[in-house]
Amino acid sequence: MILCENLVKIYKTRETEVVALQGLDLTVDDGELMAIIGNSGSGKSTLLNMIGGLDRPSAGVLQVDGKDLLKFREKDYMRYKRETVGFVWQNNARNLIPYMTAMENVQVPMVLTGYKARRERARELLDIVGLGHRWNGRLSQMSGGEQQRVAIAISLANKPRLMLADEPTGSVDTRTADMILDIFREVNKQLGVTVVIVTHDNNLSRKVDRVVAIRDGRTSSEFIRRHSYVEEMRELSAHEKAEREASHVELAVVDGTGRVQIPREYLASIGIHGKSKVKVEVEDKRVVLLNPEETELKPEDAGAPRV
């Protein structure tokens with residue numbers, strides 16, 4: 001569904017140049033439910049905006065559902081945003097028209113594309129998100145979680161192939177966040193929509209099978225669930241919790257040029273701080289990083305720090 005290769009985004013002004021993405025690689029399968037995490041400024045929102053057709057890449061490869069977005073003209077972007085991708089934002093003001101009912105909000109995208117059975121489609125989507133009984137409710141009478149569920153229904157109105165969610169649980173409590181994430185799972189399973197969720201919440205990995213971490217504009221690592229979420233929930237007792245360390249394995253990402261991002265705490269453990277150099281050796285089918293200042297003696301003799 002999504003293919004990014006050596007993706008670059010540079011923002012330029014008359015005085016400055018900021019590289020938001022610097023050679024990012026990412027693949028998302030058709031029908032997948034996955035999350036992208038990263039700290040503020042890591043590039044995750046920039047990536048989401050480019051996948052969603054809201055911003056143009058500077059260089060590299062960006063293909064979505066077989067479409068090459070680097071070759072898009074303005075009318076191609078308009079059609080793409082209407083037909084291929086649906087958005088859910090953290091700020092409900094970007095999702096909803098406040099003076100309309102839930103039913104009317106969901107029908108708005110269908111009016112713009114000339115969809116015929118708008119009312120039936122809207123009722124179906126509100127049922128999926130658990131608001132079939134509130135279809136005629138005013139948004140002012142709904143909680144933040146209910147408004148976010150309406151937003152999910154709106155994003156599905158024109159039967160998109162891809163749903164993008166930017167911090168969809170950032171403004172709700174933990175219980176409501178769990179409910180919203182369960183709805184994403186149901187949408188993914190029932191409608192077959194590919195779902196990509198961007199968040200800074202590491203706990204989100206408990207609800208998805210793959211999490212991609214972005215650091216400094218590049219894909220740094222992936223967390224892949226050892227067992228599917230459904231299997232894990234089946235095995236847990238009512239009083240147990242799934243922890244990230246037990247449920248996922250973290251894999252560092254090596255790009256086409258051999259670059260890999262090493263977590264800062266790993267480097268600090270061998271005495272490397274800031275921009276520096278490390279000694280790289282291959283030892284028993286392992287790539288070993290050594291502090292060059294500590295490698296006068298053989299590691300096995302001197303206990304030199306290593307990663």
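Refer to the structure printed above.
Bear in mind the structure is a predicted one, so any value in this text is a computation, not a measurement. (Residues numbered from 1 in each chain as written. Predicted model: local features only at pLDDT ≥ 70, side-chain atom pairs only at ≥ 80, totals over all residues. Heavy atoms only, no water.)

> Can you break down the overall build of the protein chain residue by residue, with the values?
Tallying secondary structure elements over the protein chain gives 10 helices and 13 strands in all. Here the protein chain holds 307 residues, and 47% of them are scored as buried. Residue pairs in contact within the protein chain that sit at least 24 positions apart in sequence constitute 61% of those at least 6 positions apart. Here the protein chain has roughly 16800 Å² of accessible surface; of this, 48% comes from carbon and sulfur atoms. (Helix = DSSP H or I, 4+ residues; strand = E, 2+ residues; numbered from the N terminus. Buried < 20%, exposed > 50% of the residue type's maximum accessible area, 1.4 Å probe, protein only. Contact = heavy atoms within 4.5 Å. Areas by Shrake-Rupley, 256 points an atom, 1.4 Å probe, with all protein chains shown as cover.)

> For helix α2 (residues 74-83), give the residues involved together with the corresponding values.
Residues of α2 that are buried include every one of D76, Y77 and Y80, and no others. Seen end-on, α2 carries its buried residues on one side only, within an arc spanning 100°. The inward-facing, buried residues of α2 contact α1 (44-51), β4 (59-64), β5 (67-68), β6 (85-89) and β7 (162-166). (Arc of directions from axis to C-beta.)

> Account for the pattern of salt bridges, with residues named and values stated.
Under the criterion given, the structure shown has 13 salt bridges. The salt bridge partner of D30 is R161, with a shortest N-O separation of 3.6 Å. Of this pair, D30 sits in the loop between β2 (17-28) and β3 (33-37) while R161 sits in the loop between α5 (144-155) and β7, and the two are 131 residues apart along the sequence. With relative accessibility at 48%, the residue D30 sits in the partly exposed group. Judged by its relative accessible area of 36%, R161 is partly exposed. The residue R210 makes a salt bridge to E32 at a minimum N-O spacing of 2.6 Å. Of this pair, R210 sits in strand β9 (residues 210-215) while E32 sits in the loop between β2 and β3, and the two are 178 residues apart along the sequence. (Salt bridge = Lys/Arg side-chain N within 4 Å of Asp/Glu carboxyl O.)

> Before we move on, can you summarise the sheet that holds β5 with the specific residues and values?
Pairing within the open sheet is antiparallel, and its 4 strands lie in the order β2-β1-β4-β5. Every other strand in the sheet has two partners, leaving β2 and β5 as the edge strands with one partner each. Two strands pair when backbone bridges link them, and strand β1 (residues 2-12) and β4 are joined in this way by 5 bridges, in the antiparallel orientation. Paired with L3 across the strands is Q63, a residue of β4. Sitting on the sheet, α1 touches β1, β2 and β4, and the angle it makes with β1 is about 110°. (Pairing = 2+ DSSP bridges. Axes fitted to C-alpha atoms, helices over the stretch in contact; angles between N-to-C directions.)

> Give a description of the pairing of strand β8 (residues 194-199) that names residues and reports values.
Here β8 lies mainly inside the structure; 6 of its 6 residues are buried. Burial of the side chains of β8 extends over both faces: T194, V196 and V198 are buried on one face and V195, I197 and T199 on the other. Here β3 pairs with β8 via 5 bridges, running parallel. Within the sheet, the bridge partner assigned to A35 lies in β8 and is I197. The pairing of β7 with β8 spans 5 bridges and is parallel.

> Outline the environment of T199, supporting the account with residue identities and numerical values.
Here T199 lies in strand β8. Taking the C-alpha atoms as reference, T199 lies 6.6 Å from D166; in sequence the two are 33 residues apart. In contact with T199, other than residues within four places in its own chain, are I36, I37, G38, K44, E167 and L204. Within the structure, T199 has its side chain in polar contact with the side chain of E167 (distance 3.4 Å). (Polar contact = N/O pair within 3.5 Å; in protein donor to acceptor, adjacent residues only side chain to side chain.)

> Can you lay out the side chain of K44 for me, pointing to particular residues and giving the numbers?
Looking at where K44 falls in the secondary structure, it is placed in helix α1. At 3.4 Å, the side chain of K44 forms a polar contact with the backbone oxygen of N39. Residues contacting K44, with those up to four places away along its chain left out, are I36, I37, G38, N39, E167, V198, T199, H200 and I214.

> Quick rundown of unusual backbone geometry? Include the residues and the values.
With phi around 50°, E167 is a residue other than glycine that occupies positive phi space. The backbone of K285 sits at a positive phi, close to 60°, despite the residue not being glycine. Within the element layout of this structure, K285 appears in the loop between β12 (279-283) and β13 (286-290). Judged by relative accessible area, which is 86%, K285 ranks as exposed.

> Describe the nonpolar core, listing the residues and the values that go with them.
One finds V106, V150, I152, M163, F184, V187 and I197 to be the most contacted residues of the largest nonpolar core, which totals 41 residues. Per-element accounting of this core gives the leading share, 6 residues, to helix α6 (residues 174-191). For I197, the residues in contact, after removing those within four places along its chain, are L33, M34, A35, I36, A165, P168, L181, F184 and L204. (Core = buried A, V, L, I, M, F, W, Y, C linked by side-chain atoms within 4.5 Å.)

> Hey, could you go over the side chain of R121 for me, with residue numbers and the actual values?
Within the secondary structure, R121 is located in helix α4 (residues 118-128). Separated by 2.8 Å, the side chain of R121 and the backbone oxygen of L156 make a polar contact. Those residues in contact with R121 that lie beyond four places of it in its chain are M110, Y115, L156, A157 and K159.

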